[in-house]
Amino acid sequence: MRITKKIKDEMIRRLEILYHDTKSALNFNNPFELLVAVILSAQCTDVRVNITTQRLFKKAPTPHDIVNIGITDLELEIKDCGLFRNKAKNIFSTCKILCDKYNGQVPSDYNELLALPGVGRKTANVVSSIAFNRPAIAVDTHVFRVSNRLKLAIGKTPDEVEKKLQKAIPREKWSNAHHWLIWHGRKICKARQPLCEECSLKDLCPSFMERQSQD
DNA sequence: CTCCCGATAT
DNA sequence: ATATCAGGAG
């Protein structure tokens, strides 16, 4: 069944009320720290990333420092986050580029962000919107799952869901809505056992309706 | 599509 | 035991 524009607006309205004061769960003090944290966050909890970055930035706070400690030590530093060989290689290469091309700074241009190794659309959107205040909806695992369950934006890929979310949500709310959807996914609309009974959107949610009518 | 991958929740 | 965790590259 199709979800009307009116219902989607009501979903957004309720999410905004519920999660209006939420922000990034990743700890960072500047765009560079955010960039590294987001690269590390792939297939890893934010709690684990925050423990790792705190330790890492104490030893190597700048791109230059990370290039100096080298890939092998970097691998050991970030091992707990998983996918550590890929992440270490990407963070190292990205830091080298930041030093060589950008004077040790993170570029604010979207396409330049996207061109960095280990930076895909999701990471570029997060850095772009949080660090540089550009409207963007980063579609991570939570945003993807919640959007599909609510049928707020249906898609087989994150890119597809991103495009549909951009149509469903006014541009000035994009960056905030990204956080509303994440927090809803973390607290209520969880991957394994969603807390549908506690969900303030259950009367609007097609997935909950379907689940109801089964038993 | 597959591979990368340790920590954690269920 | 196994699904999942703020994905991206080949």
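What counts and how
Residues numbered from 1 in each chain as written. Chains lettered and ligands numbered in written order. Predicted model: local features only at pLDDT ≥ 70, side-chain atom pairs only at ≥ 80, totals over all residues. Heavy atoms only, no water. Near = heavy atom within 4 Å. Polar contact = N/O pair within 3.5 Å; in protein donor to acceptor, adjacent residues only side chain to side chain. Helix = DSSP H or I, 4+ residues; strand = E, 2+ residues; numbered from the N terminus. Domains from an automatic or database assignment. Buried area = accessible area lost by both parts, 1.4 Å probe.

Draft legend 1. Summary view of the protein's contact with DNA strand C. Of all residues adjacent to DNA strand C, which total 28 residues, the nearest are Ser 24, Asp 46, Thr 123, His 142 and Arg 145. Among atoms of DNA strand C positioned within 4 Å of the protein, sugar and phosphate together represent 65%. Between DNA strand C and the protein, one listed contact pairs a phosphate oxygen with a backbone N or O atom of Gln 43 at 3.0 Å. One of the side-chain nitrogen or oxygen atoms of Asp 140 is found 3.3 Å away from a sugar or linking oxygen of DNA strand C. Mapped by element, the contributors of at least two residues to the surface near DNA strand C are helix H7 (121-132), helix H8 (141-150) and helix H10 (174-187). With four residues, the single largest contributor to the surface near DNA strand C is H10.

Draft legend 2. How the structure looks around the domain arrangement of chain A. Each domain of chain A was delimited in the assignment, giving domain 1 (5-23 + 137-212) and domain 2 (31-132). Taking only C-alpha atoms, the centre of domain 1 and the centre of domain 2 are 28 Å apart. Of the roughly 630 Å² buried between domain 1 and domain 2 on both sides combined, carbon and sulfur atoms contribute 51%. If you sort the residues of domain 1 by the area they bury against domain 2, Ala 138, Glu 162 and Arg 186 come out on top, with a joint share of 46%.

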